[in-house]
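So the chains spell out like this:
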Amino acid sequence: MAQIVIIAKEPVAGRAKTRLTPPYSPHQAAALAEAALRDSLLAVSATPATQRVLALDGLPGSWLPPGFVLIPQRGSGLDERLAAAFSDAYRLRPEAVVLIGMDTPQVTPALLGEAVEALGCHDAVFGPAADGGFWLLGLREPDPSLLQGVPMSHPETGKLQLDRLDQAGLTVRLLPELTDVDTAADAVAVAAQAPSSRFAAALRELGR
């Protein structure tokens, strides 16, 4: 069994999902960000795990369901914040860690459960993203050096992260590729994949 961490930004207008503006306004982008975060949190809530953690940049709101340990994000670049989220969760509970972001509202408890189970017989589990990054990373024994210095928000971020795991001699289980919600086109595609999600409902509401 493993713990699951979500690393997320408070869905505030002007700070969340800024690449959705335009065509959406900052308030509309924040509404979509909140919906995506709610979907992700609920998927984690429905997945068996030893601990559920939210590594948050900002303040919690009514969107946070019960049962989560709240920790602040640390570090400057995303690589440092990811490494810190792994380390802080592992310090609280020294067990394997599965980490996701808030950009894949189509994620399911089945996919997360597969990641948790994979760490029973693999050193790492990796979910590639369609934009070249990754939507999930799980580590049986988190080590900051596995993430620090990996270029983030780069077309080859996923490949470079996998290379880092390979260089460390880790066995890696690959999960299916998912699309991160970064652009308006991504939002439409993801909503179509998960039509019953809160994210899809929020997008439909904006289209009225």
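A short tour of the structure in this document, coming up.

1. Considerations on the nonpolar core
- Membership of the largest hydrophobic core comes to 31 residues, with the highest contact counts inside it found for I6, L54, V98, W135 and L136.
- Of all elements in the fold, only strand 1 (3-9), helix 1 (26-45), strand 2 (52-57), strand 4 (97-100), helix 3 (109-118) and strand 6 (134-139) reach the threshold of two or more residues within this core.
- Setting aside its immediate chain neighbours within four residues, L136 contacts V98, L99, I100, L112, A115, V125, F126, G127 and L175.
- One finds V5, A55, L137 and V150 within the second-largest nonpolar core, a separate group that totals 22 residues.

2. Things to note about the side chain of K17
- By the secondary structure assignment, K17 is in the loop between strand 1 and helix 1.
- For K17, a relative accessible area of 15% gives the class buried.
- Among the polar contacts listed, one links the side chain of K17 to the backbone oxygen of V181, at a separation of 2.6 Å.
- Discounting residues that sit within four places of it in the chain, K17 has contacts with A29, A33, D103, V181 and D182.

3. Overview of helix 6 (residues 198-206)
- Considered for burial, the residues of helix 6 that qualify are F199, A200, A202 and L203. Down the axis of helix 6, the sector holding all buried residues measures 160°, keeping them to one side.
- The elements touched by buried residues of helix 6 are helix 1 and helix 5 (184-193).

So, how was this worked out
- Residues numbered from 1 in each chain as written.
- Predicted model: local features only at pLDDT ≥ 70, side-chain atom pairs only at ≥ 80, totals over all residues.
- Heavy atoms only, no water.
- Core = buried A, V, L, I, M, F, W, Y, C linked by side-chain atoms within 4.5 Å.
- Buried < 20%, exposed > 50% of the residue type's maximum accessible area, 1.4 Å probe, protein only.
- Helix = DSSP H or I, 4+ residues; strand = E, 2+ residues; numbered from the N terminus.
- Contact = heavy atoms within 4.5 Å.
- Polar contact = N/O pair within 3.5 Å; in protein donor to acceptor, adjacent residues only side chain to side chain.
- Arc of directions from axis to C-beta.

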